[in-house]
Amino acid sequence: MTIRRLPPEAVNRIAAGEVIERPAAAVKELVENALDAGAKRIVVRIERGGLGLISIEDDGSGISREELPLAVERHATSKLTAGIGGDVDLLNIHTMGFRGEALPSIGAVARLSILSRARGADDAWTLEVEGGALHPPRPAAWAALSAHGTRVDVRDLFFATPARLKFMKSERAEMMAVSEVVKRLAMARPDVAFSLEHDGRVTFRYGAEADPENEGRRTRLAAILGADFAPNCIALDQVRADVRLSGFAGLPTFHRGTREHQHLFVNGRPVKDKLIVGAVRAAYQDLLARDRHPVAALFLDLPPGDVDVNVHPAKTEVRFRDATLVRGLIVGALSHALAGAGHRASTTTSATIFSAARPHYTPQPMLRVWGTAEEALAPGDFVMPSGRVETQPSFAEAIAPADLESAIALATAHDPEDARFFPLGAARAQIHETYIVAQTEDGIVIVDQHAAHERLVYERMKQMLASGGVRRQALLIPEVVELDPAEAEALTARAEELAQLGLVIEPFGAGAILVRETPALLGHIDAAGLLKDLVDDVAELGEAHALKERLEEVCSSMACRGSVRAGRRLTGDEMNALLRQMEATPFSGQCNHGRPTYVELKLADIEKLFGRR
Ligand code: ADP
Ligand code: MG
């Protein structure tokens, strides 16, 4: 065996495999370099989905003649400085880049040319690298838009690695990925102007915003995420310890089919982080069907020392020093914001109704936005009259009969005319045994009775769970689950917490756990499967989420089965009771699958429909 050092071109080509896996990755690195150079304006020009040309021009600090060759040298960077002992602090990173890998990697697999004029210099220089071969810098003409800056041109990406070329998708697909990357960086930096052109045509252009923290961020996000986003999202801003979470969370009814619409940023860096994604999912979990995803733009800011960004060559994953704190902040802030939205539902739903009714009508946001449910009405502890509900044992457990009486009492205590002044109005009719039509002060409300009741029952079950009402059932024969000894230990350390959730476990020698009791709600369960999920949760997040999530999932499907069906005739009192209870229940604006439970039409909108306005 002979051990040899690989030539630098081979080393760079290997690194390029990780860092520059497709055109969008090169664009990301180059735009990040421009941002690190303090650019306020970045122009991205693409040809043939990035396989023909990637050209990125900025008005940043530029690179001097002397430093040009260093810029394309591997592990050479201006962004980290070694301390006295020669070591570098990798946990105190304030720039997007720091690994000194992007330019040499691109140079190894493409024809790279850098044209730059450094700030204060009166000449411009250009440097070329072709498939790893470096040419010395040459003087060049400077015809760029600003006094100083850099233009990096990447031609024939992957010409030096034909195998990689075979993995490219269509030019259109590569371009979509490029556009996505530039948009994400543009969301993080409203203070910088961005434009993107493909084959000579402008894809988008965003001007620099003056107030990037507040109004500017809002404007930039609206430009990128579309006009629909602003009226369908909730602003959040919360701080816990040194961590700040700000941004916008979409209403549950404004859901999408993929997670692509969740934009997450850590210290201004776009990330696809598992922990954040999981926390967002948990916050929305019981507001959305499994295969639907919320829209969100969330910005986490924390001291650089509390997050490790050097986890992944493309720097899209991070590790938090205090993962539990970060997760708690995200879940807490989102849940709070969503609860605050009360029974507010997506505006686009009612807009769709209108476009169906009148194809030429321009939909306007028309769902009234209420304050929190608590503001609208003191929380009433009442539910739908059970006489009309198909009672299942589990459902009956969830709803105490005494509550039913008070529901009717409260609904009938009010003069029906007064009920008009409640947010959801006075019930006037039930149509098709499925929808309740109510009259409000200035419009009408149509409620989907099944969706609405399902939500009410579910919220109630969740309350029971939260107040420690998880009933347990003992297993006839306790089940032994084999685990890794360290895992078993981690889990038994949490036995008390798990018992509160209805799962009673005991250590059973090294590496095994005995399951004695399980939550009654779950029925027969695969104990081994559940324990393994819990082990992952505890390892990754320090909490036992899988069990809570499963319990909530069961509640959700029980609520669905146990709720008043479409097709049931309701009395006036019952309908009003349902409306009043919706007003008092958090999240009642959507059912457990993220569909709205009601829509509201304003008189003004109805008048428009009839051409009266
Ligand atoms: P890193 O960004 O990790 O430092 P790169 O290979 O991306 O590594 O870039 C190497 C160096 O080249 C940077 O540290 C920076 O000094 C310089 N550089 C790259 N792009 C630009 C640019 N657009 N403007 C100014 N300097 C740049
Ligand atoms: Mg870089």
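From a predicted model like this one, the values you see are computed outputs, not experimental measurements.

1. Focus: the nonpolar core
Here's step 1: Val-27, Ile-42, Ile-276, Leu-300 and Phe-320 are the most contacted members of the largest nonpolar core, which totals 99 residues.
Here's step 2: A domain-level breakdown of this core finds at least three residues from each of domain 1 (8-79 + 90-206) and domain 2 (215-341).
Here's step 3: Discounting residues that sit within four places of it in the chain, Leu-300 has contacts with Val-243, Arg-244, Leu-245, Phe-265, Val-266, Asn-267, Ile-276, Phe-320, Val-326, Leu-329 and Ile-330.
Here's step 4: Listed in part, the 25 residues of the second largest apolar core include Ala-488, Leu-498, Leu-503 and Ala-527.

2. Focus: the environment of Ser-335
Here's step 1: Relative to the helices and strands, Ser-335 resides in helix H9 (residues 323-340).
Here's step 2: Taking C-alpha positions, Ser-335 is 9.8 Å from Phe-587, a pair spaced 252 residues apart along the chain.
Here's step 3: In contact with Ser-335, other than residues within four places in its own chain, are Ala-283 and Phe-587.

3. Some thoughts on the sheet that holds strand E22 (residues 512-519)
Here's step 1: What the three strands build is an open sheet, ordered E20-E22-E21; its pairing is antiparallel. At either margin of the open sheet sits one strand with a lone partner, and together these are strand E20 (472-482) and strand E21 (504-507). Each strand of the sheet is rotated relative to its neighbour by a mean of 20°, with strand direction disregarded.
Here's step 2: In this structure, E21 lies alongside E22, joined through four bridges in antiparallel fashion. Its bridge partner lying in E22, Glu-506 is registered against Leu-514.

4. Comments concerning the side chain of Lys-28
Here's step 1: As for its placement among the helices and strands, Lys-28 is situated in helix H2 (residues 23-36).
Here's step 2: For Lys-28, a relative accessible area of 12% puts it in the buried group.
Here's step 3: Discounting residues that sit within four places of it in the chain, Lys-28 has contacts with Val-181, Leu-185, Ala-314, Lys-315 and Thr-316.

5. Regarding the packing of helix H8 (residues 274-284) against H9
Here's step 1: At a minimum axis distance of 9 Å, the contact between H8 and H9 shows a crossing angle of 35°. Every pair of crossing elements has a handedness; the one defined by H8 and H9 is right-handed. Contact residues: Leu-275, Ile-276, Gly-278, Ala-279, Val-280, Ala-282, Ala-283 and Tyr-284 in H8; Ala-323, Val-326, Arg-327, Ile-330, Val-331, Leu-334, Ser-335 and Leu-338 in H9.
Here's step 2: Of the residues in the contact of H8 with H9, the class split is 13 nonpolar, two polar and one charged.

6. Details of a negative patch on the surface
Here's step 1: There is a patch of like negative charges on the surface, built from Glu-66, Glu-67, Asp-122 and Asp-123.
Here's step 2: Its location among the elements puts Glu-67 in the loop between strand E2 (53-58) and helix H3 (68-71).

7. A closer look at the pattern of salt bridges
Here's step 1: Per the stated rule, a full pass over the model turns up 26 salt bridges.
Here's step 2: The closest approach of N and O atoms between Arg-74 and Glu-101, which form a salt bridge, is 3.5 Å. Taken together, the positions of Arg-74 in the loop between H3 and helix H4 (102-109) and Glu-101 in the loop between H3 and H4 put the pair 27 residues apart, joining distant regions of the chain.
Here's step 3: Measuring nitrogen to oxygen at the nearest pair gives 3.5 Å for the salt bridge that ties Lys-602 to Asp-442. In this pair, Lys-602 is assigned in strand E23 (residues 598-602) and Asp-442 in the loop between strand E18 (435-440) and strand E19 (443-448), connecting sequence segments 160 residues apart.
Here's step 4: Its relative accessible area of 13% is what places Lys-602 among the buried residues.
Here's step 5: The network of salt bridges with common partners includes Lys-28, Glu-29 and Glu-32.

8. What to know about the site of ligand 1
Here's step 1: Close to ligand 1 lie 20 residues, the nearest being Asn-33, Thr-77, Ser-78, Lys-79 and Gly-100.
Here's step 2: Here an oxygen atom of ligand 1 sits 3.0 Å away from a polar atom, N or O, in the main chain of Arg-99.
Here's step 3: Between ligand 1 and Ala-102 there is a distance of 3.2 Å, counted from an oxygen atom to a backbone nitrogen or oxygen.
Here's step 4: Look at ligand 1: alone it shows 530 Å² of surface, and the protein chains cover 92% of it.
Here's step 5: Those elements that provide at least two residues to the shell around ligand 1 are H2 and H4.
Here's step 6: Sort the elements by how many residues they give to the shell around ligand 1 and H4 lands first, with three residues.
Here's step 7: Per-class residue counts for the shell around ligand 1 are nine nonpolar, seven polar and four charged.

9. Side note on the packing of aromatic side chains
Here's step 1: Following the criterion strictly, the structure yields three aromatic pairs and no others.
Here's step 2: When the ring of Phe-229 is compared with that of Phe-248, the centres are 6.4 Å apart and the planes differ by 75°; the resulting orientation is edge-to-face. Taken together, the positions of Phe-229 in the loop between helix H7 (215-225) and strand E10 (233-240) and Phe-248 in strand E11 (residues 243-250) put the pair 19 residues apart, joining distant regions of the chain.
Here's step 3: Classification of Phe-229 by relative accessible area gives buried; the value is 3%.
Here's step 4: Classification of Phe-248 as buried rests on a relative accessible area of 8%.
Here's step 5: Sitting over the ring of Phe-254, Arg-256 keeps its end group 4.5 Å from the ring centre.

10. Details of the pairing of E19
Along a regular strand, successive side chains alternate from one face of the sheet to the other.
Here's step 1: What you see with E19 is a clean split: Gly-443, Val-445 and Val-447 sit on the buried side and Ile-444, Ile-446 and Asp-448 on the side with no burial.
Here's step 2: Relative to E19, E18 runs antiparallel, the two sharing six bridges. Note that in E19 the partner of Ile-436 across the bridge is Val-447.
Here's step 3: Sheet topology places E19 next to E23; five bridges connect them, and they run antiparallel. From the neighbouring strand, Val-447 faces E23, where its bridge partner is Tyr-598.

Definitions and cut-offs
Residues numbered from 1 in each chain as written. Chains lettered and ligands numbered in written order. Predicted model: local features only at pLDDT ≥ 70, side-chain atom pairs only at ≥ 80, totals over all residues. Heavy atoms only, no water. Core = buried A, V, L, I, M, F, W, Y, C linked by side-chain atoms within 4.5 Å. Buried < 20%, exposed > 50% of the residue type's maximum accessible area, 1.4 Å probe, protein only. Domains from an automatic or database assignment. Contact = heavy atoms within 4.5 Å. Helix = DSSP H or I, 4+ residues; strand = E, 2+ residues; numbered from the N terminus. Pairing = 2+ DSSP bridges. Axes fitted to C-alpha atoms, helices over the stretch in contact; angles between N-to-C directions. Left-handed = near helix turned anticlockwise from the far one by under 90°. Nonpolar A, V, L, I, M, F, W, Y, C, P; charged D, E, K, R; others polar. Patch = residues over 30% accessible without salt bridge, like charges linked within 9 Å, V, L, I, M, F, W, Y side chains within 5 Å. Areas by Shrake-Rupley, 256 points an atom, 1.4 Å probe, with all protein chains shown as cover. Salt bridge = Lys/Arg side-chain N within 4 Å of Asp/Glu carboxyl O. Lys, Arg positive; Asp, Glu negative; His and termini not counted. Charge placed at Lys NZ, Arg CZ, Asp CG, Glu CD. Near = heavy atom within 4 Å. Polar contact = N/O pair within 3.5 Å; in protein donor to acceptor, adjacent residues only side chain to side chain. Phe/Tyr/Trp six-rings, centres within 6.5 Å; stacked < 30°, edge-to-face > 60°. Lys NZ or Arg CZ within 6 Å of the ring centre and 35° of its normal.

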